[in-house]
Amino acid sequence: MNIYDKRNISMMMDLYELTMANGYFLSENEDTRVAFDVFYRKNPDGGGFSIFAGLEQIVEYLQGMHFEKEDIDYLRSLNQFDDKFLEYLSDFRFTGDVYAYPEGTIMYPGEPIVTVVAPLVQAQLVETEILAQVNHQSLIATKAQRIVRSAKGRAVSDFGARRAHNNDAAIYGARAAFIGGVKGTATVSAGQYFDIPVGGTMAHSFIMFYQDELTAFRKFASIYPNNCILLVDTYDVLKQGVPHAIQVFKEMREKGIGSSNYGIRIDSGDLGYLTQKSRQMLDEAGFTDAKIVISNSLDEYTIKSILDQGGQVDSFGVGERLITSRSEPVFGAVFKLCAVEENGKFSPRIKISDSVEKITNPGLKDVYRIYDRQGHAIADLITGHGEDVDVERSYRFVDPIEPWKVREFSDCTKKSLQQKVIENGRLIRTLPAVKDIQKYVREQLDNEIWPEEQRFENPHRHYVDMSPKYYEMKMDMLANAGQVHK
């Protein structure tokens, strides 16, 4: 379901996109095709990889992009745009091509994860919304995967909506978190839109409404006997909450309701200690199947700490530190011009900088993932578009970080990472459901990506290499960049 159907977000752009587009429209051929790459410069939280998310929303945005009469009227009121340009916008439709990694692909810094090839004005106008989707959803998906890994096979659910930055951040954050591996979400609209499992039971207010905790527990158990997770920290976890829960569980057992249908949730206090004591109390009462769920400002570090302390936890509800990626809330993907069509061919463009990481990779490119015979991804390879690459035989490549070293692939296989998704403004392939995207992430991490790259501390660097021909072209451009020709 496209939640954009009832609203138009085409104006979600920076003003400079419009001023540049107006300038191009007045002084250049607006049909000249250009290419822009979306890439990012570093993995969040010092991690070894990131997860690409947000492609479905990019496609929805591009296919529905248009300007309403009130949009044109507003732009006219700014007194910055030519009437002919505004007339052009009034009939605007995106007619370009988009190449992208499949959503859920494990990705690395410097790679062109999305490439837009479109007429000049069109390509310039789509920057902000594309980056907004990539930056937000890729960040949350990557954070979610870190949290899921820290849970060591225990279920993780998204509890973050009320702490998200706004409604869209909650909904799309839940989508991205599911892609990253969480079991489900508490956000009902995300469940409705994306077919994500939803879950949730009670808050402290339900218990506080009644005169005593035991009465509240009994009320809840009578209404939800098959999903009876009782929140036990409203008053005192070990002296009241858990004993009252055990009393209700005994009453449920007498009615023939099995203990696999119920459990407790703890939302405050020393979670490592409290879960150990609660587990002991539940087991001694004969409820070894009763679940223990914890929440309260969790992330990968607190989860790891709780488990390292011997915490007895069956599942985690993770909120603000997931939905906002609190530890590193900026992903940093950028949208940079890489080529301009001249005389029927794309001529490469490069941006240089005193900061090496800000120097762009010029031209139209292909990106391959290189695998050894066991199916492990040993590197990614950037080449010029259409360049012939045979990694089954000995193939020399260049590591741009250590270009002086002679290195080669041999007896390997390769997979092209970018796929054409939109052609002439039309979607040309079926986009996967979010459950299939989550499965794709899991398969890559289980079967392709080295465990050393998945470490939280000092992960192994995944090599993003270049073909010799492409590397030499980039070096030639750097040597000649900025020269003034008289």
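All values reported here derive from a predicted model rather than from experimental measurement.

Peer 1: Can you tell me about helix H1 (residues 15-27), naming the residues and giving the values?
Peer 2: Quick reminder: α-helices carry 3.6 residues per turn. Residues three or four places apart thus point the same way. Taking 1.5 Å per residue, 13 residues should reach 18 Å; H1 reaches 18 Å between its end C-alpha atoms and fits that length. Taken together, the buried positions of H1 are occupied by Glu17, Leu18, Ala21, Asn22 and Phe25. Projection of H1 onto a plane perpendicular to its axis shows the buried side chains occupying an angular sector of 130 degrees, all on one side. Exposed and facing more than 90 degrees away from the buried side of H1 are Leu26 and Ser27. Looking at the packing, one finds that the buried side of H1 touches helix H3 (69-77), helix H4 (83-90), helix H5 (120-125) and helix H6 (127-150).

Peer 1: Give me the nonpolar core: which residues, what numbers.
Peer 2: Ranked by size, the top nonpolar core spans 122 residues in total, and within it Leu89 and Phe316 carry the most contacts. Ignoring anything within four residues of it in the chain, the contact list for Leu89 reads Leu18, Phe67, Ile72, Leu75 and Leu125. Membership of the second largest hydrophobic core comes to ten residues, among which are Ile370, Ala379, Phe397 and Cys412.

Peer 1: Give a description of the packing of aromatic side chains that names residues and reports values.
Peer 2: Inspection of the entire model under this criterion finds 18 aromatic pairs. Ring centres 6.0 Å apart and planes at 40 degrees place the aromatic pair Phe81 and Phe85 in the tilted group. Summarising the burial analysis for this pair, Phe81 and Phe85 share the class buried. Seen in terms of ring centroids, Tyr262 and Phe287 are 5.9 Å apart; in terms of plane orientation they differ by 70 degrees. Their pairing is edge-to-face. Of this pair, Tyr262 sits in strand E9 (residues 262-266) while Phe287 sits in the loop between helix H12 (271-284) and strand E10 (291-294), and the two are 25 residues apart along the sequence. Note on accessibility: Tyr262 and Phe287 belong to one class, buried. Taken together, Phe25, Phe67, Phe81, Phe85, Tyr88 and Phe92 form an aromatic cluster joined through their ring pairs. The lysine or arginine in question, Arg175, covers the ring of Phe194, its NZ or CZ lying 5.6 Å from the ring centre. Sitting above the plane of the Tyr368 ring, Lys414 keeps its charged end 5.5 Å from the centroid.

Peer 1: Mind laying out the sheet that holds strand E7 (residues 184-185), listing which residues take part and the relevant values?
Peer 2: The parallel open sheet is built from six strands, whose spatial order is E7-E6-E11-E10-E9-E8. One side of each edge strand has no neighbouring strand; the edge strands of this open sheet are E7 and strand E8 (228-231). Sheet analysis places E9 next to E10, joined by four bridges and oriented parallel. Residue pairing across strands places Ile266 opposite Ile294, the latter belonging to E10. Where helix H11 (residues 237-254) meets the sheet, it contacts E8 and E9, and its direction lies at approximately 165 degrees from that of E9.

Peer 1: Account for the packing of H11 against H12, with residues named and values stated.
Peer 2: Relative orientation of the contacting elements H11 and H12 amounts to 35 degrees, with a least axis distance of 11 Å. Here H11 runs over H12; the crossing is right-handed. Here Val237, Leu238, Val242, Pro243, Ile246 and Phe249 of H11 lie close against H12, whose contacting residues are Tyr273, Leu274, Lys277, Ser278, Met281 and Leu282. Considering only residue class, the contact of H11 with H12 consists of ten nonpolar, one polar and one charged.

Peer 1: Which residues make up the pairing of strand E5 (residues 114-119), and what are the values?
Peer 2: Burial analysis of E5 places six of its six residues in the buried class, the great majority of the element. As defined by bridge partners, strand E1 (residues 33-39) adjoins E5 across six bridges and the pair is classed as antiparallel. Of the residues in E5, the one forming a bridge with Ala35 is Val117. Pairing between strand E3 (residues 97-100) and E5: four bridges, direction antiparallel.

Peer 1: Account for the pairing of E3, naming residues and giving values.
Peer 2: Relative to strand E19 (residues 419-423), E3 runs antiparallel, the two sharing three bridges. Looking across to E19, one finds that Ala100 is bridged to Gln419.

Peer 1: Give me the lowdown on the sheet that holds E5, citing residues and values where you can.
Peer 2: With antiparallel pairing, seven strands are arranged side by side in an open sheet as E13-E12-E1-E5-E3-E19-E20. A single partner strand is all that each edge strand has here, and the edge strands are strand E13 (345-348) and strand E20 (426-427). Here E19 runs beside E20; their pairing, made up of two bridges, is antiparallel. Directly across from Ile422, in E20, lies its bridge partner Leu427. Sheet strands touched by helix H2 (residues 55-64): E3, E19 and E20. Its angle to E19, the strand with the most contacts, is close to 25 degrees.

Peer 1: Could you give me a rundown of the packing of H6 against helix H7 (residues 167-180), with the residues and numbers involved?
Peer 2: Two measures define how a pair of helices packs: the angle their axes make with one another and the distance between the axes. Relative orientation of the contacting elements H6 and H7 amounts to 50 degrees, with a least axis distance of 7 Å. Considering their axes alone, H6 and H7 lie oblique with respect to each other. Remark: the crossing between H6 and H7 carries right-handed chirality. Together, His136, Gln137, Ile140, Ala141, Ala144, Gln145 and Val148 of H6 and Asp168, Ala169, Tyr172, Gly173, Arg175, Ala176, Ala177, Ile179 and Gly180 of H7 make up the contact between the two elements. A per-class count over the contact of H6 with H7 returns nine nonpolar, five polar and two charged.

Criteria and cut-off values
Residues numbered from 1 in each chain as written. Predicted model: local features only at pLDDT ≥ 70, side-chain atom pairs only at ≥ 80, totals over all residues. Heavy atoms only, no water. Helix = DSSP H or I, 4+ residues; strand = E, 2+ residues; numbered from the N terminus. Expected span 1.5 Å × (residues − 1). Buried < 20%, exposed > 50% of the residue type's maximum accessible area, 1.4 Å probe, protein only. Arc of directions from axis to C-beta. Contact = heavy atoms within 4.5 Å. Core = buried A, V, L, I, M, F, W, Y, C linked by side-chain atoms within 4.5 Å. Phe/Tyr/Trp six-rings, centres within 6.5 Å; stacked < 30°, edge-to-face > 60°. Lys NZ or Arg CZ within 6 Å of the ring centre and 35° of its normal. Pairing = 2+ DSSP bridges. Axes fitted to C-alpha atoms, helices over the stretch in contact; angles between N-to-C directions. Left-handed = near helix turned anticlockwise from the far one by under 90°. Nonpolar A, V, L, I, M, F, W, Y, C, P; charged D, E, K, R; others polar. Parallel < 35°, antiparallel > 145°, perpendicular 65-115°, else oblique.

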